[in-house]
Every structure is written in C-alpha cells, then in structure tokens.
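Examination of the molecular architecture
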Amino acid sequence: MEPLVIAGKAFQSRLIVGTGKYKDGPETQRAIEASGAEMVTVAVRRVNLDRSKESLLDFIDPQRYFLLPNTAGCYTGEEAIRAARLGREVGLSDWVKIEVIGDQRTLYPDVQGTLLATQVLVKEGFTVLPYTSDDIVFAKRLIDAGAAAVMPLGAPIGSGLGLQNVANLRILREMITEVPLIVDAGVGTASDAAIALEMGFDAVLMNTAIAQANDPILMAEAMQHAVLAGRQAYLAGRMPRKLYATASSPLEGISR
C-alpha cells in the first residue's frame with residue numbers, strides 16, 4: 001500500500017506507538033517490535049536525557065525507529081515549548097507531538113495552549129503534530145498555524161473506550177485533506193483501530209491499549225494487523241448497507 005507521508009517523510013506503518021506504562025524496558029522493546037510501528041513517541045519529561053543511568057532510550061534503536069518526542073505532562077503552552085526545545089537540544093528530534101493538558105481528571109487538551117505552542121514551534125523550525133480535541137474549527141486553526149498533522153482524540157487518554165465521537169471524527173475526515181489525520185487516544189482493542197482506519201483516518205497512535213493488555217506483545221501484533229486491515233478495507237470500499245436481504249447466489253438465469 002501507499003506509505004503514510006507526514007511533512008514529506010514516508011512511513012510504511014500507519015501505527016504509531018507510545019512507550020509508557022510497560023513493566024520494564026525489555027517489554028517495551030518487544031511490544032514495539034511486535035507492533036510493526038516505525039514511529040515511536042517518547043515523553044521528553046519522563047526520560048533520562050543525560051543517559052547517566054538506564055533510560056527508556058536504551059531500548060529503542062534510533063536507527064530502526066523514528067523517535068517522536070512528546071510534551072506529555074505539560075499543562076501550559078509555555079511548558080510544552082520548553083519541553084520541545086529540550087528534546088531538540090539533546091538530539092532527540094526537531095519533530096514534536098504537542099500535548100498540552102487542560103484538565104487533570106479528563107486529560108482533555110487545552111486548545112489555546114496547544115495553538116500557542118504550535119505557532120511558536122513551527123516558526124522555530126519544528127515539525128509539529130498536535131494532540132487536540134475533535135473540533136473542526138480548532139483543527140483548521142492548527143493547520144493554519146502550520147501543524148504537519150492533526151491528532152484528535154477518539155476518547156479520553158488511557159480510557160480504552162474506543163471511538164466515542166464518530167460523528168465529529170467523520171466531519172474532520174471529510175473537511176480536512178491538507179494534512180494527515182491521526183486518531184490519538186481512546187483506542188482499547190484492535191477493532192477500535194480498524195474502525196479508525198476504515199473511516200479513512202491516515203493513522204492511529206496508541207499506548208495504553210497495548211501496554212495495559214494482559215499480553216502486551218500479542219496485543220501489539222493484533223494492532224498491527226488491525227491497522228493494516230482497516231486501511232485495506234477503506235481503500236477497497238465497503239458494500240452498500242441495505243435494509244433487506246440480497247441473496248448471495250442470485251436467482252436470475254437459473255433454469256426452472
């Protein structure tokens with residue numbers, strides 16, 4: 001299939017995975033490998049950047065995986081900007097997934113802080129992928145600010161509820177064609193990922209759905225298959241829905 005292209009960079013996998021909540025580094029490494037993902041997110045504020053002791057980065061080969069620093073744990077646009085700059089300064093990447101949390105209980109994004117961080121960092125040469133709400137008006141503002149992709153939530157972060165806002169996501173998919181659309185947050189199992197890709201979303205990003213599964217390695221592999229199947233189904237085009245039955249073996253032409 002055709003690759004996922006973000007800011008001119010091509011990826012064969014349409015699954016992006018996070019690195020939090022695993023029991024240890026080796027499990028993280030095995031799950032990422034099983035997922036088939038090429039892009040891996042790492043929280044700038046949660047890794048030992050000076051490598052003075054064992055770090056998550058010891059288990060992710062930067063020659064094999066594209067590292068996407070994220071600003072998880074930031075509650076203001078200014079905090080997110082500082083985290084992104086730090087990630088670039090220590091050599092992680094000049095790409096960044098912007099995450100500015102506006103509410104501690106729901107972990108919903110602070111849209112104003114997200115827009116501020118996007119505007120500033122794009123001007124500084126970053127490739128910015130913002131985590132955001134499912135609001136089409138705000139999504140367009142992020143694109144106008146230079147976002148390389150838009151990453152709306154499907155449900156609250158880590159909830160595993162699946163896509164709870166299908167109507168809004170469909171509106172986003174219909175109205176946004178300038179940049180890739182990536183479902184970020186809410187996926188709980190493989191069928192959720194397949195549905196997102198069947199709807200025409202370009203990719204899906206997840207962490208908890210894999211890391212907190214009873215068998216993270218097996219779930220990572222399931223997610224790889226789900227994303228592939230969802231994309232193929234979208235490209236193939238589903239049959240029309242009908243109210244009444246249609247025989248699989250038509251009667252036309254049968255001799256009586």
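Since the structure is predicted, the reported quantities are computational estimates derived from the model, not experimental observations.

A word on the overall build of the chain. Assigned secondary structure in the chain consists of eight helices and ten strands. Since a compact globule built from 256 residues should have a radius of gyration of about 18 Å, the 19 Å found for the chain is in line with a globular shape. Judged by the C-alpha coordinates and their principal axes, the chain covers about 85 × 40 × 35 Å. Long-range pairs, those at least 24 residues apart, make up 66% of the contacts in the chain between residues at least 6 apart in sequence. Per element, the accessible surface of the chain, about 12800 Å² overall, is 49% carbon and sulfur. For the chain, the distance from the average position of its 25 positive side-chain charges to the average position of its 29 negative side-chain charges is 3 Å.

The feature "binding site: 1-deoxy-D-xylulose 5-phosphate" (unreviewed entry), as given by UniProt, occupies G158, A185, G186, N207 and T208 in the numbering adopted here. Taken along the chain, the residues just named run across 51 residues; in space they keep tight, none of their C-alpha pairs more than 9.6 Å apart. Within the element layout of this structure, N207 appears in the loop between β10 (203-206) and α7 (208-211). Setting aside residues no more than four positions away along its own chain, N207 makes contact with G18, T19, G20 and Y22. One polar contact links the side chain of N207 to the main-chain carbonyl oxygen of G20, over a distance of 2.9 Å. Along the chain, T208 turns up in helix α7. Ignoring any residue separated from it by four or fewer positions in sequence, one finds T208 in contact with K21, G158 and A213.

When the terminal C-alpha atoms of helix α2 (residues 77-89) are compared, their 18 Å separation across 13 residues agrees well with the 18 Å that a helix rising 1.5 Å per residue should span. All of the buried residues in α2 are G77, A80, I81, A83, A84 and G87. The arc that holds the buried residues of α2, viewed along the axis, is 165°, so those residues lie on one side. The exposed set on the far side of α2, more than 90 degrees from its buried face, consists of R82 and E89. Among the structural elements, β6 (95-98) and α3 (111-123) are those in contact with the buried residues of α2. G91, located one to two residues past α2, shows a positive phi value of around 95°.

Burial analysis of strand β7 (residues 127-132) places six of its six residues in the buried class, the great majority of the element. Burial along β7 is two-sided: the face carrying T127, L129 and Y131 and the face carrying V128, P130 and T132 are both buried. Sheet topology note: the β6/β7 ladder contains four bridges and is parallel. Note that in β7 the partner of W95 across the bridge is T127. A crossover connection joins β7 to the parallel strand β8 (residues 151-152) through helix α4 (residues 136-144); in handedness this β-α-β unit is right-handed.

This next bit is on the packing of helix α1 (residues 25-35) against helix α8 (residues 216-236). The interhelical angle for the contact between α1 and α8, taken along N-to-C directions, is 25°, at an axis separation of 7 Å. As the angle between them shows, α1 and α8 are arranged roughly parallel. The two elements α1 and α8 cross, and the hand of that crossing is right-handed. Residues E27, R30, A31, A34 and S35 of α1 lie in contact with α8, whose contacting residues are P216, I217, A220, E221 and Q224. Taken together, the residues of the contact of α1 with α8 break down into five nonpolar, two polar and three charged.

Moving on to the environment of S191. Mapped onto the elements of the fold, S191 is located in helix α6 (residues 190-198). Residue classification places S191 among the partly exposed residues on the basis of a relative accessible area of 42%. In this structure, the C-alpha to C-alpha distance between S191 and F66, residues 125 residues apart in sequence, is 26 Å.

Parameters and conventions
Residues numbered from 1 in each chain as written. Predicted model: local features only at pLDDT ≥ 70, side-chain atom pairs only at ≥ 80, totals over all residues. Heavy atoms only, no water. Helix = DSSP H or I, 4+ residues; strand = E, 2+ residues; numbered from the N terminus. Rg over C-alpha atoms; globule rule 2.2 N^0.38 Å. Contact = heavy atoms within 4.5 Å. Areas by Shrake-Rupley, 256 points an atom, 1.4 Å probe, with all protein chains shown as cover. Lys, Arg positive; Asp, Glu negative; His and termini not counted. Charge placed at Lys NZ, Arg CZ, Asp CG, Glu CD. UniProt positions renumbered as here; feature names shortened; annotations may be inferred. Polar contact = N/O pair within 3.5 Å; in protein donor to acceptor, adjacent residues only side chain to side chain. Expected span 1.5 Å × (residues − 1). Buried < 20%, exposed > 50% of the residue type's maximum accessible area, 1.4 Å probe, protein only. Arc of directions from axis to C-beta. Pairing = 2+ DSSP bridges. Right-handed = clockwise from strand over helix to strand, strands pointing away. Axes fitted to C-alpha atoms, helices over the stretch in contact; angles between N-to-C directions. Parallel < 35°, antiparallel > 145°, perpendicular 65-115°, else oblique. Left-handed = near helix turned anticlockwise from the far one by under 90°. Nonpolar A, V, L, I, M, F, W, Y, C, P; charged D, E, K, R; others polar.

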